[in-house]
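One letter stands for each residue in the lines below.
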Amino acid sequence: MDFALNEQQEMMQSLARDFLSDEYTDKVLKVMVEDEKGHTPELWQKLAAVNLTGLAIPEEYGGVGDFLDLIVVLEEMGRACFISPFFTTVVLGASAIMEAGSGEQKRQYLPAIAEGKSIITLAVTESSGSYAPEAISLKAAQNGSDYILNGAKLFVPDALAADHIICAARTREASDPQKGILLIILDINVPGVHIKPLKTVSGDKQCELTFTDVKVSIDNVLGEADKGWAYIDRIMQKANVARCAESVGLSQQALNMALDYAKERIAFGHPIGAFQSIRHRCADMLIDVDGSRLVTYQAAWLINESLPAEREAAAAKAWVSQASRRVMNSAHQVHGAIGFTEDHILHYYTKKARFNEFSFGDADYHFEKLLTHYK
Amino acid sequence: MDFVFTPEEEAFRQEVASFLDKEVPKIYREKKLTFFDMSSQEDWIQVHRSMAEKLGEKGWISLHWPREYGGQDKSPFHRLILREELTRYHSPGYDSIGAGIVAPALLLKGSDEQKKQHLPGIASGKVIWCETLSEPGHGSDLASIEVFAKEETDCFVVNGQKIWTTNGHFADWNALVTRTDREVDPKYRGLTFFLVDMKTPGITVNPIINMAGHHEFNEVFFDDVHIPKGNIVGGLNRGFYVVMSLLDYERTSDTVYAFADIYLKDLAGYARKNNLLTPVLESRMAQLIADCEVARLLHYYVTWMQSQDKVPNYESAMSKMYSFELNQRVAEFGMELLGQYSQLTEASPLVPMYGRIPSCYYRSFGYSLEQGTSEIDRDVIAQRGLGLPRLR
């Protein structure tokens with residue numbers, strides 16, 4: 001057992017922390033929440049310049065570090081409440097290509113992501129909002145050397161900023177819904193793709209995508225045509241644990257804000273942090289934050305070692321989802337009315353934490369998964 | 001980062017498991033007893049002692065001690081693995097106070113002579129310890145200790161009453177904290193830590209039965225009890241510092257998460273076999289499973305700190321409090337699961353799970369009180385972990 005970060009992880013952590021405190025002030029956060037794309041090419045280039053866009057991409061494709069390095073960086077991004085297509089591209093897009101792509105596809109897309117030249121989104125969910133295989137119904141019909149896509153995708157992240165979409169589509173109906181699923185990558189500007197941005201409370205950018213007779217070459221299929229679900233399953237596992245890391249950062253920062261406030265706010269002649277009602281609440285927040293981090297790191301480490309992590313990832317997403325909710329609620333209570341205002345930064349954290357909670361399956365979804373390991 | 005045990009640690013786990021598979025009395029395994037409810041068994045003290053001696057013969061109690069004191073310099077994860085396996089095999093035999101608290105305190109603050117005198121006994125499993133800290137008038141507020149040790153030329157003479165003394169009714173030795181200076185301010189600078197032979201004349205032990213019907217703790221009276229001066233640990237009037245370092249160990253001596261986990265598995269097995277799991281109960285169980293995972297990691301973290309020679313403090317309060325409160329939730333879950341049947345005692349016809357449901361549940365009321373109350377733990381976390389100001 002070893003719970004310490006290694007030198008490289010510590011370096012990535014402080015690199016990300018410094019970068020975000022310089023480039024991503026509260027003012028920028030507020031702008032990005034309102035911004036339609038939640039993205040500026042300038043900031044993206046700066047991220048690429050310090051190699052953050054290449055995180056967890058193998059060196060041969062121009063990347064740096066491993067999944068654990070990415071995890072510590074995402075924790076920092078959570079602390080900053082970072083609104084950006086970073087997660088979408090580096091976690092979802094890059095993972096999909098690494099999991100399913102051929103050597104040629106990896107050479108085509110991964111260096112471009114690492115260099116900050118490409119933003120790639122992943123379109124899995126549809127109108128049900130479910131992450132289960134039966135929810136994938138967008139049709140992919142083969143026509144010669146092309147697939148013709150028809151249908152709609154919902155809650156597609158950062159599509160307005162993206163150059164490419166990786167789309168999960170159904171090639172055939174099968175009694176096993178995991179069969180007949182295809183992953184295919186296409187240019188965002190290909191005719192027939194229509195993007196409708198949704199408005200979210202957290203400022204995370206999500207879209208509805210409709211596909212009308214969209215023609216994509218079979219060369220763009222990622223991996224084996226019928227085995228898309230196996231890839232999605234693994235991508236979702238990583239995405240979930242990565243989300244947890246972000247939430248750990250969100251919770252840590254909310255706790256830090258609550259502590260600062262509890263130390264300076266005076267009531268009845270004392271800082272409110274001296275009152276046990278506040279102290280004990282904060283103690284529980286620390287358990288939630290540290291517990292979230294441990295359960296996240298455990299799953300991340302297993303994934304990084306290519307060991308089975310299904311149970312641990314489910315436990316992480318279920319527990320962290322609930323813990324971050326408790327932490328946010330307590331942070332608001334400690335802040336009193338000031339934290340209830342739109343001017344204060346805290347509500348951005350609360351809203352982002354709730355967004356994270358529901359992405360890639362909420363606590364209940366992962367509790368179900370966890371139970372299957374307890375039979 | 002690394003979340004697995006070393007091959008050597010895994011081999012040790014195997015060795016312990018196959019040993020326990022042979023040695024643990026059948027009835028303990030059949031009833032699936034846990035550390036906190038096995039004292040309900042009539043033969044518990046006898047089994048506890050004999051298992052302790054067997055573990056001692058194996059050298060397992062002192063594995064993580066330095067070689068010069070009979071240990072093998074193994075990582076503290078060996079102690080954790082031993083406790084996990086004892087839990088899994090429903091075995092008594094680990095003296096939480098002697099091996100868990102007194103030994104680390106002696107290693108840290110004891111004189112060479114004290115180490116040589118007491119560590120071999122603890123390592124052998126033949127000398128069982130108790131600790132007397134709490135008094136009828138003072139529980140959490142240690143600094144207010146009143147039991148007084150009066151200095152004579154060659155010894156100290158102790159008079160007064162202690163209470164909530166776990167295992168006091170059969171322990172051979174006692175870690176005692178008394179007042180030795182009544183004038184000093186702050187009061188905590190007038191406390192001294194003694195090692196006391198329980199056979200010393202003047203010590204009377206009376207049982208206190210807890211609300212689960214178990215006899216674990218006692219009240220202990222000291223009537224002109226003479227203690228040699230050489231039995232002071234950490235120096236005269238410096239007992240508070242010994243206690244503080246000792247509490248950091250006490251809070252993680254027991255693998256409480258493992259007790260919760262094994263009981264939850266026991267409940268889950270019973271529920272599935274008898275078709276008791278409604279969707280609502282199943283959802284509650286899933287929550288507890290995830291909580292067990294976090295409790296385990298919090299404890300591993302503290303053990304890892306110890307393995308790095310870091311002294312945990314608020315981290316152990318976090319781990320201890322979270323695990324104990326989790327145990328309470330698991331015990332409550334057991335009651336909900338069994339419904340009307342939860343009301344039956346072991347002596348009743350039709351009783352499920354040997355009457356352990358109410359036994360574990362009513363025992364669990366102590367979990368937020370013992371080894372420091374949950375309130376004290378949260379205060380420790382707020383103060384030492386978060387740097388929040390104090391009212392006092």
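As a convention, each chain's residues are numbered from 1 in the sequence order in which they are written. Starting at A for chains and at 1 for ligands, labels are handed out in the order in which the entities are written. The predicted origin of the model limits local features to residues at a pLDDT of at least 70 and limits the giving and counting of side-chain atom pairs to 80 or more, whereas totals for whole chains, interfaces and linings rest on all residues.

A. Fine view of the overall build of chain B. Numbering of helices and strands starts at the N terminus; helices are DSSP runs of H or I of at least 4 residues and strands are runs of E of at least 2. The number of helices and strands found in chain B is 12 helices and eight strands. For 392 residues, the compact-globule formula gives about 21 Å, and the C-alpha radius of gyration of chain B, at 21 Å, lands near that figure. Projected onto its principal axes, the C-alpha coordinates of chain B cover approximately 70 × 45 × 45 Å. Every C-beta atom is placed from the backbone, and the number of other C-beta atoms within 10 Å of a residue's own sets its class: buried at 20 or more, exposed at 12 or fewer, partly exposed in between. Out of the 392 residues in chain B, the part that is buried amounts to 50%. Within chain B, contacts between residues separated by at least 24 positions form 74% of all contacts whose residues are at least 6 apart in sequence. Atoms counted for the radius of gyration: C-alpha only. Globule rule: 2.2 Å times residue count to the power 0.38. Here, residue contact means that the backbone-derived C-beta atoms of the two residues sit within 7 Å.

B. Structural detail: helix α1 (residues 7-23) of chain A. Expected helix span is given by 1.5 Å per residue-to-residue step, counting one fewer step than there are residues. Between its first and last C-alpha atoms α1 of chain A spans 24 Å; for 17 residues at 1.5 Å apiece the expected length is 24 Å, and the two agree. In this structure, the buried residues of α1 of chain A make contact with α4 (67-79) of chain A.

C. Region of the structure containing the confidence of the model for chain B. Values of pLDDT, the confidence the predictor places in each residue, fall between 0 and 100. On average, residues of chain B score 95 in pLDDT, and 100% of them reach the 70 mark or higher. Here the predicted complex carries an ipTM of 0.91, next to a pTM of 0.93.

D. Main features of the pairing of strand β4 (residues 173-179) of chain B. Residue and element names in this part refer to chain B. Most of β4 sits out of view: seven of its seven residues are buried. Where burial is concerned, the two faces of β4 agree: the one with Trp-173, Ala-175, Val-177 and Arg-179 and the one with Asn-174, Leu-176 and Thr-178 are both buried. Paired strands are those between which DSSP finds at least two bridges. Bridge analysis of strand β1 (residues 129-132) against β4 gives four bridges, and the strand direction is parallel. Considered in β4, the bridge of Trp-129 is made with Trp-173. One ladder, built from seven bridges, connects β4 with strand β5 (residues 191-197); its direction is antiparallel. Each residue of the ladder has a partner; that of Ala-175, found in β5, is Leu-195.

E. Inspection of the interface of chain B and chain A at higher detail. At the interface, 31 residues of chain B touch 34 residues of chain A. For the side of chain B that touches chain A, the secondary structure elements donating two or more residues are α9 (279-307), α10 (314-338) and α12 (374-385) of chain B. Among the elements that make up the side of chain B that touches chain A, the one with the highest residue count is α9 of chain B (13 residues). In the side of chain B that touches chain A, the residues fall into 22 nonpolar, three polar and six charged. As a working rule, the residues Ala, Val, Leu, Ile, Met, Phe, Trp, Tyr, Cys and Pro are called nonpolar, Asp, Glu, Lys and Arg charged, and the rest polar, with Gly in that last group.

F. Representation of the nonpolar core. Joined through C-beta atoms within 7 Å, a set of buried Ala, Val, Leu, Ile, Met, Phe, Trp, Tyr and Cys residues constitutes a nonpolar core. Ranked by size, the top nonpolar core spans 180 residues in total, and within it Ile-184 and Cys-282 of chain A carry the most contacts. The dominant element in this core, judged by the number of residues it contributes, is helix α7 (residues 228-264) of chain A, at 18 residues. If we skip the residues at most four places from it in the chain, Ile-184 of chain A touches Ala-140, Tyr-147, Cys-167, Ala-169, Val-216, Asn-220, Val-221 and Leu-222 of chain A. The next biggest cluster of nonpolar side chains, apart from the first, holds 62 residues, and it includes Ile-145, Phe-156, Val-158 and Ala-171 of chain B.

G. Quick peek at the domain arrangement of chain A. Residues and elements named next belong to chain A. For the purposes of this description, domain bounds are those given by an automatic or database domain assignment. Its domain assignment divides chain A into domain 1 (7-117), domain 2 (121-226) and domain 3 (230-372). With centres defined by C-alpha atoms, the gap from domain 1 to domain 2 works out at 23 Å. Facing the 16 residues of domain 1 at the interface are 15 residues of domain 2. Elements with a minimum of two residues in the side of domain 1 that touches domain 2: α2 (26-34) and α5 (86-100). Ranked by residue count, the leading element in the side of domain 1 that touches domain 2 is α5, at six residues. Class assignment for the residues of the side of domain 1 that touches domain 2 results in eight nonpolar, six polar and two charged.

H. Representation of the domain arrangement of chain B within the structure. You can read the domains of chain B as domain 1 (7-94), domain 2 (130-238) and domain 3 (255-385). Computed over C-alpha atoms only, the centres of domain 1 of chain B and domain 2 of chain B are separated by 29 Å.

I. Focus on the environment of Met-32 of chain A. Residues and elements named next belong to chain A. With respect to the helices and strands, the residue Met-32 is situated in helix α2. In this structure Met-32 comes out as buried when scored by C-beta crowding, with 21 C-beta atoms within 10 Å. For the pair formed by Met-32 and Lys-205, sequence separation is 173 residues and the distance between their alpha carbons is 9.7 Å. With sequence-adjacent residues up to four places away left out, Met-32 is seen in contact with Gly-38, Ile-83 and Gly-203.

J. Representation of the packing of α9 of chain B against α10 of chain B within the structure. Residue and element names in this part refer to chain B. Put simply, α9 and α10 touch, their axes get as near as 9 Å, and they point 155° apart. One finds that α9 runs roughly antiparallel with respect to α10. Classified by chirality, the crossing of α10 by α9 is left-handed. Across the interface between the two elements, Leu-281, Arg-284, Met-285, Leu-288, Asp-291, Cys-292, Ala-295, Leu-298, His-299, Tyr-301, Val-302 and Met-305 of α9 pack against Glu-315, Ser-316, Met-318, Ser-319, Tyr-322, Ser-323, Leu-326, Arg-329, Val-330, Phe-333, Glu-336 and Leu-337 of α10. Of the residues in the contact of α9 with α10, the class split is 15 nonpolar, four polar and five charged. A fitted line through C-alpha atoms represents every axis, and for helices the fit uses only the stretch in contact; the resulting angles, taken between N-to-C directions, go from 0 to 180 degrees. In this scheme, roughly parallel covers angles under 35 degrees and roughly antiparallel covers those over 145, while 65 to 115 is roughly perpendicular and the rest are oblique. What makes a crossing left-handed is the near helix being turned counterclockwise from the far one by less than a right angle; a clockwise turn instead makes it right-handed.

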